[in-house]
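Residue strings, one per chain:
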Amino acid sequence: MIGSTRRLAVYAYGQPCDMRKSYDALSGLVTQALGRDFLSGDVFLFVGRDRKRAKALFWDGTGLCLYAKRLEKGRFAPLWQRERGAQPLVLTVSELALFLEGSELVGRAPLSPAPYTLVPLFQPEEAGAVTS
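What comes next concerns the included structure. (Residues numbered from 1 in each chain as written. Predicted model: local features only at pLDDT ≥ 70, side-chain atom pairs only at ≥ 80, totals over all residues. Heavy atoms only, no water.)

What about the overall build of the protein?
No. 1: For the protein, the count of helices and strands is three helices and five strands.
No. 2: The secondary structure elements of the protein, listed N-terminal to C-terminal, are β-α-β-β-β-β-α-α.
No. 3: Here the protein, with 132 residues, has 33% of them falling under the buried criterion.
No. 4: Looking at the protein alone, contacts between residues at least 24 apart form 56% of all its contacts between residues at least 6 apart. (Helix = DSSP H or I, 4+ residues; strand = E, 2+ residues; numbered from the N terminus. Buried < 20%, exposed > 50% of the residue type's maximum accessible area, 1.4 Å probe, protein only. Contact = heavy atoms within 4.5 Å.)

Given below as structure tokens:
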């Protein structure tokens, strides 16, 4: 599978894609439609209209890679059933793995927890405490 020693972002193209497209055509979609740099090392995900095929495009540092998968049973999750003009759907690598396995939950709701943030338990200003 797609592996890396760094944290990857996965951007899903928000419309059905012609699965006959190759490296150059898909990298053009990344640049024009998603507004991203395809040489960034992030993964860009494309799904066909019938949702039987998906492609993942990414730069591994030495060349452009194209990972293609066709499901024999079932369909990939529809990544384009969102409001028009929405930002590209951003997935984690774990969500990408679930998507490529055929999970229908990907794209409907965030499956990964939000990053942990520290919140102070007591704030003197809110409690009316005297501060100098």
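Describing the environment of Tyr13
No. 1: Tracing the sequence through the fold places Tyr13 in the loop between strand E1 (10-12) and helix H1 (23-32).
No. 2: Using a relative accessible area of 11% as the deciding quantity, one classes Tyr13 as buried.
No. 3: Spatially, the C-alpha atom of Tyr13 lies 8.2 Å from that of Leu29, the residues being 16 residues apart in sequence.
No. 4: In contact with Tyr13, not counting residues within four places along its chain, are Leu29, Ala33, Leu34, Leu45, Phe46 and Leu79.

Things to note about the packing of aromatic side chains
No. 1: As enumerated under the stated definition, the model contains three aromatic pairs in all.
No. 2: Ring plane angle 20° and centroid distance 5.8 Å describe the contact between Tyr11 and Phe44, whose orientation is recorded as stacked. Taken together, the residues span a long stretch of sequence, with Tyr11 in strand E1 and Phe44 in strand E2 (residues 43-47) at a distance of 33 residues. Like Phe44, Tyr11 is buried. (Phe/Tyr/Trp six-rings, centres within 6.5 Å; stacked < 30°, edge-to-face > 60°.)

Brief notes about the pattern of salt bridges
No. 1: According to the stated counting rule, one finds two salt bridges in the structure shown.
No. 2: When the shortest N-O distance is used, the salt bridge between Arg70 and Glu72 registers 3.0 Å. (Salt bridge = Lys/Arg side-chain N within 4 Å of Asp/Glu carboxyl O.)

Quick word on the environment of Pro16
No. 1: Structurally, the position occupied by Pro16 is in the loop between E1 and H1.
No. 2: A relative accessible area of 24% places Pro16 in the partly exposed class.
No. 3: Separated by 31 residues in the primary sequence, Pro16 and Val47 place their C-alpha atoms 5.7 Å from one another.
No. 4: Setting aside residues no more than four positions away along its own chain, Pro16 makes contact with Val47, Gly48, Arg49 and Trp80.

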